[in-house]
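A look at the structure
Here is how the chains run, residue by residue.
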Amino acid sequence: MAGKKAATLPRKEYEKELLRLQTELVKLQEWVRASGTRLVVVFEGRDAAGKGGTIKRVAEHLNPRVARIAALPKPTERERTQWYFQRYVEHLPAAGEIVLFDRSWYNRAGVEHVMGFCTKEEHQLFLRQCPIFERMLVEAGVLVRKYWFSVSDTEQQERFRKRLEDPLRRWKLSPMDLESITHWEAYSRAKDEMLVHTDISEAPWYVVESDDKRRARLNMIAHLLSSVPYHDVPPPVLELPERPASTGYQRPPRDLQTYVPDHAASL
């Protein structure tokens, strides 16, 4: 059901704090790289709950060789015959890496279960195995952080409407997304059952109120930073070298190369 929406955080305050938090994320990244830590961050929630925008802000200033986004497409026919978690295992981080899962193995607890893409037996097996799987990750030294982005029904519908009207965001909508509106309560029950089985002490769920996207982004990033015992890693000492004297190199004439037209000059 719809809840009371918090006042939108002013843009100036949001951007100032976001920059500060992103600076800390770079420090976290360097600590992960230097210490050989493996960090998994799971982003889950309803369609249009704000996961993608938050992931974008988390990764914006990070090195893609250290921090990467895993957004898996629907499984292939071969993957459908594998152990369910198998296709996700290959995307887990090695030492010194961060993986941000834009949806994850929890697809089976949500859309697959609600839309009938898996059997009841497969769903129940997932709920039994998932805590074991995550405990194995934690016991192996992987840091696991799981965030559920919670959006109200009215806010979700408004975001869907805006996406339908915006040619730059229309691609974010699929028939499956729109169908989720008619399955609101089924998704709610599925989420509740998922939390009962998978909110474990070794890898707990953290709920992010996301009707205000700005607050959600700041709150999620701040929590992630507070949950990891990172510290400053001194950067290597770099010095800009002197440019050597010319040895007579001559640049080829411009008409020998094809240049991009100066579109900006027409503005």
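Residues numbered from 1 in each chain as written. Predicted model: local features only at pLDDT ≥ 70, side-chain atom pairs only at ≥ 80, totals over all residues. Heavy atoms only, no water.

1. Things to note about the nonpolar core
- By size, the foremost hydrophobic cluster in this structure holds 31 residues, and its most contacted members are Leu28 and Met220.
- Those elements that place two or more of their residues in this core are helix 1 (11-35), strand 1 (38-45), helix 2 (51-59), strand 3 (97-102), strand 4 (142-150) and helix 10 (213-227).
- No other element matches helix 1, which puts 7 residues into this core.
- Among residues more than four places away in sequence, those in contact with Met220 are Val41, Phe43, Thr54, Val58, Tyr147, Phe149 and Val208.
- Core analysis: the next-biggest nonpolar cluster, separate from the first, contains 24 residues, Tyr88, Leu137, Val142 and Trp148 among them. (Core = buried A, V, L, I, M, F, W, Y, C linked by side-chain atoms within 4.5 Å. Buried < 20%, exposed > 50% of the residue type's maximum accessible area, 1.4 Å probe, protein only. Helix = DSSP H or I, 4+ residues; strand = E, 2+ residues; numbered from the N terminus. Contact = heavy atoms within 4.5 Å.)

2. Quick look at the packing of helix 6 (residues 120-139) against helix 9 (residues 184-198)
- Where helix 6 meets helix 9, the closest approach of the two axes is 9 Å, and the angle between their N-to-C directions is 40 degrees. As judged from the angle between their axes, helix 6 and helix 9 are oblique. Two packed elements cross with a definite hand, and for helix 6 against helix 9 that hand is right-handed. In this structure, helix 6 contributes His123, Gln124, Leu127, Cys130, Pro131 and Glu134 to the contact, and helix 9 contributes Glu193, Met194, His197 and Thr198. (Axes fitted to C-alpha atoms, helices over the stretch in contact; angles between N-to-C directions. Parallel < 35°, antiparallel > 145°, perpendicular 65-115°, else oblique. Left-handed = near helix turned anticlockwise from the far one by under 90°.)

3. Let's talk about the pattern of salt bridges
- One pass over the full model with this rule turns up 20 salt bridges.
- We note a salt bridge from Asp47 to Arg103, for which the minimum N-O separation is 2.9 Å. Linking Asp47 in the loop between strand 1 and helix 2 with Arg103 in the loop between strand 3 and helix 5 (111-114), this pair joins segments that are 56 residues apart in sequence.
- Overall, Asp47 belongs to the buried group, its relative accessible area being 16%.
- A residue is classified by how much of its surface remains accessible, and Arg103, at 25% relative accessible area, is partly exposed.
- For Glu77, the salt bridge identified is with Arg80, shortest N-O distance 3.5 Å. Of this pair, Glu77 and Arg80 both sit in helix 3 (residues 77-80), 3 residues apart, which is roughly one turn of the helix. (Salt bridge = Lys/Arg side-chain N within 4 Å of Asp/Glu carboxyl O.)

4. Here's the deal with the sheet that holds strand 1
- With respect to topology, 5 strands assemble into an open sheet ordered 2-3-1-4-5, the strand pairing being parallel. Each edge of the open sheet carries a strand with a single partner, namely strand 2 (67-70) and strand 5 (205-209). Going across the sheet, the axis of each strand differs from the next one's by a mean of 20 degrees, ignoring polarity.
- As paired strands, strand 1 and strand 3 are joined by 6 bridges and run parallel to one another. (Pairing = 2+ DSSP bridges.)

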